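# Geometric and topological summary
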Amino acid sequence: MKHLLTMSELAIDEIFEIIHNAKCMKAGNLPSPKENPVFAANLFFEPSTRTRFSFEVAEKRLGIQVLNFQAESSSVQKGETLYDTVRTLEAIGADAVIIRHPMDRYFESLKEHVGIPILNAGDGCGNHPTQSLLDLMTIHEEFGGFKGLTVSIHGDIRHSRVARSNAETLTRLGANVLFSGPPEWQDPLNAFGHSVSVDEAIENSDVVMLLRIQHERHASAAAADTHSYLDRYGLTAEREKNMKDHGIIMHPAPINRGVEIESSLVECSRSRIFKQMENGVYVRMAVLARALESKMLKRGEDHHV
Ligand code: CP
């Protein structure tokens, strides 16, 4: 069963295989759609633009039929559990489920009992493996590898599933990870990096990775003073001048322009933010192809790239 729930379950050679396959798909080497449909159900219990629609584009490019589940018009409103919802979709023919859910590690109650792959599109403050893979692909396109790179992750690290997935995986791949941001939003991720000031992080990084303040996960709205945030912790035009010559800017988005990043930098020559979104489609195609390989092969396809 090829679930994708966390980055830590992927061996390093599997990470490189997904990046390689995503690059092949980006170069136009696509499996062609066939008869006998394969179905994927997209279950988003939290808002999403990039992950939801890039999964949908990826599915359609692979010839997978998309079941778009709307939580607000489903039987979840009548009290049906996530487990029963997923088992129902499996019973009626879904071949894979893509799930975003506010609960950390929601998949623990599913993974032993569900007979189809679960692709984690984000669990609470926990994990966001496809975001991490698209970030890795973007860094790999830029630098050709990870060993010895310094990647700084800035901002609301405590509440960020992207920070968690990336810090752990980048460390495993040989990069140095730095954190900066408000002390109250730092996280005990120190096994995967260490905290420095925003200026030190920016001056020493090959990749400056910014994060949105995750207001929806904060216990107290008072904690997030966005007025002084850019000057204190964000990427200003002044700080951008101190980046390494080859340094790049990344952000998983959505972006709060003028809070974690000065608006003029969002599309500057260093920014790879929209490239990350583009790469998200190809990474999700590679992840879907990996998860649904046996279904696709049963149809007589050889979709290996
Ligand atoms: N980066 C990301 O997960 O964006 P969405 O919340 O729009 O999917």
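All of these numbers come straight from a predicted model, not from anything done at the bench.

### Some remarks on the sheet that holds strand 2 (residues 65-69)
Backbone-to-backbone hydrogen bonds join strands into a sheet, with any given pair of strands oriented parallel or antiparallel. Overall, parallel pairing links the four strands, which are arranged 2-1-3-4 in an open sheet. For this open sheet the edge positions go to strand 2 and strand 4 (118-123), each flanked by a neighbour on one side alone. The sheet shows a mean angle of 15° between the axes of neighbouring strands, direction not considered.

### So, the UniProt feature "binding site: carbamoyl phosphate" (unreviewed entry) in the protein chain
UniProt's feature table lists "binding site: carbamoyl phosphate" (unreviewed entry) at Arg50, Thr51, Arg100, His128, Gln131, Ala253 and Pro254, given in the numbering used throughout. For Thr51, a count of 24 C-beta atoms within 10 Å puts it in the buried group. The contact partners of Thr51, leaving out residues within four places of it in the chain, are Arg100, Ala121, Gly122 and Thr130. Mapping Ala253 onto the fold places it in the loop between strand 9 (248-250) and helix 9 (273-291). The exposure class assigned to Ala253 is partly exposed, which follows from the 18 C-beta atoms found within 10 Å. Dropping the residues within four chain positions of it, Ala253 is found in contact with Arg50, Ile273 and Met277.

### Focus: the domain arrangement of the protein chain
Along its sequence, the protein chain is carved into domain 1 (7-126 + 280-298) and domain 2 (129-277). In this complex, domain 1 contributes 21 residues to the contact, which on the side of domain 2 involves 21 residues. The element that contributes the greatest number of residues to the side of domain 1 that touches domain 2 is helix 1 (residues 12-26), accounting for five residues. Per-class residue counts for the side of domain 1 that touches domain 2 are ten nonpolar, eight polar and three charged.

### Focus: helix 5 (residues 161-172)
Since the α-helix advances by 3.6 residues per turn, residues separated by three or four positions end up pointing in the same direction. Helix length check: helix 5, at twelve residues, gives a terminal C-alpha distance of 17 Å against a target of 16 Å (1.5 Å per residue), a fit within 8%. Counted residue by residue, helix 5 has ten buried out of twelve residues, so it is predominantly covered. Of the residues making up helix 5, those classed as buried are Arg161, Val162, Ala163, Arg164, Ser165, Asn166, Ala167, Glu168, Thr169 and Leu170. Packing partners of the buried residues in helix 5 comprise strand 4, helix 4 (129-143), strand 5 (150-154), strand 6 (176-180) and strand 8 (207-210). At the C-terminal side of helix 5, Gly174 shows a positive phi close to 100°.

### Remarks on the nonpolar core
Counting 77 residues, the largest nonpolar core has Val97, Met285 and Leu288 as the members making the most contacts within it. Counting residues per element, this core draws most heavily on helix 9, which supplies ten residues. Each of two domains, domain 1 (7-126 + 280-298) and domain 2 (129-277), supplies a minimum of three residues to this core. Those residues within four positions of Leu288 in sequence are excluded, and the remaining contacts are Ala40, Ala58, Glu59, Leu62 and Ile64.

Criteria and cut-off values
Residues numbered from 1 in each chain as written. Predicted model: local features only at pLDDT ≥ 70, side-chain atom pairs only at ≥ 80, totals over all residues. Pairing = 2+ DSSP bridges. Helix = DSSP H or I, 4+ residues; strand = E, 2+ residues; numbered from the N terminus. Axes fitted to C-alpha atoms, helices over the stretch in contact; angles between N-to-C directions. UniProt positions renumbered as here; feature names shortened; annotations may be inferred. Buried ≥ 20, exposed ≤ 12 C-beta atoms within 10 Å, placed from the backbone. Contact = placed C-beta atoms within 7 Å. Domains from an automatic or database assignment. Nonpolar A, V, L, I, M, F, W, Y, C, P; charged D, E, K, R; others polar. Expected span 1.5 Å × (residues − 1). Core = buried A, V, L, I, M, F, W, Y, C linked by C-beta atoms within 7 Å.

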